[in-house]
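In case you want the letters, here they are:
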Amino acid sequence: MANIKSAKKRILVTDRKTARNKAIKSKVKTSMKKVEAAVAAKDTTAAKAALLAATSDINKAAAKGVYHKNNAARKVSRLSKLVNKIA
């Protein structure tokens, strides 16, 4: 355990940031699963709506630095590809 005040603060800040990042990643994964579920059900309108929401979530995560921009672009691309196959 840290004894220095600044080290104690860093631990608290890291915990806060970790929780935030985890929540954002969880939201992105959930939105991606919604797209995949709609594609599996071959529901075009639901898939397109879910893709729009997922793209927004992924781009927000990338803007906040949770995901690298290339990682975010790859996720969006893969989801778009899935949706376009059933459309």
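Cut-offs and rules
Residues numbered from 1 in each chain as written. Predicted model: local features only at pLDDT ≥ 70, side-chain atom pairs only at ≥ 80, totals over all residues. Heavy atoms only, no water. Helix = DSSP H or I, 4+ residues; strand = E, 2+ residues; numbered from the N terminus. Expected span 1.5 Å × (residues − 1). Contact = heavy atoms within 4.5 Å. Axes fitted to C-alpha atoms, helices over the stretch in contact; angles between N-to-C directions. Parallel < 35°, antiparallel > 145°, perpendicular 65-115°, else oblique. Patch = residues over 30% accessible without salt bridge, like charges linked within 9 Å, V, L, I, M, F, W, Y side chains within 5 Å. Areas by Shrake-Rupley, 256 points an atom, 1.4 Å probe, with all protein chains shown as cover. Salt bridge = Lys/Arg side-chain N within 4 Å of Asp/Glu carboxyl O. Lys, Arg positive; Asp, Glu negative; His and termini not counted. Charge placed at Lys NZ, Arg CZ, Asp CG, Glu CD. Core = buried A, V, L, I, M, F, W, Y, C linked by side-chain atoms within 4.5 Å. Buried < 20%, exposed > 50% of the residue type's maximum accessible area, 1.4 Å probe, protein only. Left-handed = near helix turned anticlockwise from the far one by under 90°.

1. Details of helix H3 (residues 69–86)
Consideration 1: With 18 residues, H3 should reach 26 Å at 1.5 Å per residue; the first-to-last C-alpha distance of 27 Å fits that figure.
Consideration 2: Buried residues in H3 make contact with helix H1 (5–40) and helix H2 (44–63).

2. A short note on the packing of H2 against H3
Consideration 1: Running from amino to carboxyl end, H2 crosses H3 at an angle of 175°, the nearest separation of the two axes being 10 Å. Classified by the angle their axes make, H2 and H3 are roughly antiparallel. Across from Thr44, Ala47, Lys48, Leu51, Ala54, Thr55, Ile58, Asn59 and Ala62 in H2, the residues of H3 making contact are Ala72, Lys75, Val76, Leu79, Ser80, Val83 and Ile86.

3. Some points on a positive patch on the surface
Consideration 1: Residues Lys5, Lys9, Arg10, Arg16, Lys17, Arg20, Lys60 and Lys64 make up a contiguous surface patch of positive charge.
Consideration 2: In terms of residue count, H1 provides more of the positive patch than any other element does, 6 residues in total.
Consideration 3: Of note, lysine 64 is situated in the loop between H2 and H3.

4. Quick look at the nonpolar core
Soluble globular proteins tend to pack their nonpolar side chains together in the buried interior.
Consideration 1: Val28, Val35, Ile58, Ala61, Leu79 and Val83 are the most contacted members of the largest nonpolar core, which has 18 residues in total.
Consideration 2: When contributions to this core are tallied by element, the ones reaching two or more residues are H1, H2 and H3.
Consideration 3: For valine 83, the contacting residues outside a window of four places in its chain are Val35, Val39, Ala47, Lys48 and Leu51.

5. Considerations on the pattern of salt bridges
Consideration 1: Scanning the model with the defined rule gives 1 salt bridge in all.
Consideration 2: Two residues, aspartate 57 and lysine 27, come together in a salt bridge whose shortest N-O distance is 4.0 Å. Here aspartate 57 is found in helix H2, whereas its partner lysine 27 is found in helix H1, with 30 residues between them in sequence.
Consideration 3: Taking the relative accessible area as the measure of exposure, lysine 27 reaches 52% and is therefore exposed.

6. Side note on the packing of H1 against H2
Consideration 1: Where H1 meets H2, the axes come as close as 8 Å, and the angle between the chain directions of the two elements is 160°. One element, H1, and the other, H2, form an angle in the roughly antiparallel class. Every pair of crossing elements has a handedness; the one defined by H1 and H2 is left-handed. Here Ile24, Lys27, Val28, Ser31, Met32, Lys34, Val35, Ala38 and Val39 of H1 lie close against H2, whose contacting residues are Ala46, Ala47, Ala50, Leu51, Ala54, Asp57, Ile58 and Ala61.

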